[in-house]
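A structural walkthrough
Residues per chain, in single letters:
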Amino acid sequence: MSSNIKQRVEGLVSYILGGKILEAMDEFYAADIAMQENNNPATVGHAANVEREKQFLASVKEWKRTDVRAVAVDEARGKTAIQYAFDFVNQQDEDVHYDQVAVQTWKDGKIVHERFYYDTGA
């Protein structure tokens with residue numbers, strides 16, 4: 001599994017940079033995925049997290065930029081971290097910038113837990 005994680009992360013990054021966020025959910029996330037924003041309670045289950053992502057995507061009027069600034073893979077522990085930067089215009093015509101780190105736990109080629117860390121005042 002260890003060498004597979006690096007390849008899977010590369011695939012995930014490719015999907016995200018290509019704007020295929022919902023497709024990435026189907027390809028890379030486990031059925032029992034738990035996704036957590038900062039210290040908020042986790043959203044558990046694939047369907048619930050797909051719905052959460054759809055709601056986020058619906059808040060975006062126009063994407064301006066998506067960058068991956070750093071990727072770290074701890075193959076022995078099945079852990080990865082990806083630093084993303086997103087710039088977009090929301091439905092209220094406001095410019096939004098997110099700089100976040102997603103820390104993931106992988107099992108059997110799928111993400112089983114993902115926690116996002118970002119400044120909520122940004």
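Attention here is on the structure that accompanies the text. No experiment lies behind these values; they were computed from the predicted model shown. (Residues numbered from 1 in each chain as written. Predicted model: local features only at pLDDT ≥ 70, side-chain atom pairs only at ≥ 80, totals over all residues. Heavy atoms only, no water.)

**Let's talk about the packing of aromatic side chains**
- On inspection of all chains with the given rule, the structure shows nine aromatic pairs.
- Here the aromatic rings of Tyr-84 and Phe-86 are separated by 5.4 Å at their centres, their planes lie at 20°, and the arrangement is stacked.
- Tyr-84 gets classed as buried once you look at its relative accessible area, which sits at 4%.
- Connected via pairs of aromatic rings, a cluster forms that spans Phe-56, Trp-63, Tyr-84, Phe-86, Phe-88, Tyr-98 and Tyr-118.
- Here the basic side chain of Lys-20 rests over the ring of Tyr-15, its NZ or CZ set 5.8 Å away from the ring centre. (Phe/Tyr/Trp six-rings, centres within 6.5 Å; stacked < 30°, edge-to-face > 60°. Buried < 20%, exposed > 50% of the residue type's maximum accessible area, 1.4 Å probe, protein only. Lys NZ or Arg CZ within 6 Å of the ring centre and 35° of its normal.)

**Some points on the layout of surface pockets**
- Estimated volume of the largest pocket: approximately 410 Å³.
- Lining the largest pocket are 21 residues, and of these Glu-37, Glu-53, Phe-56, Gln-100 and Phe-116 lie nearest its centre.
- Elements represented by at least two residues in the lining of the largest pocket include exactly helix H1 (2-17), helix H2 (21-28), strand S1 (29-37), helix H3 (46-58), strand S4 (79-90), strand S5 (95-107) and strand S6 (110-118).
- Top element by residues in the lining of the largest pocket is H3. It accounts for four residues.
- When grouped by side-chain class, the residues that make up the lining of the largest pocket number 15 nonpolar, two polar and four charged. (1 Å grid on protein atoms, 1.4 Å probe; cavity = no way out; pocket = protein on both sides within 12 Å on 5 of 7 lines; lining within 4 Å. Points joined across faces, edges and corners; volume = space filled by probe spheres on them. Helix = DSSP H or I, 4+ residues; strand = E, 2+ residues; numbered from the N terminus. Nonpolar A, V, L, I, M, F, W, Y, C, P; charged D, E, K, R; others polar.)

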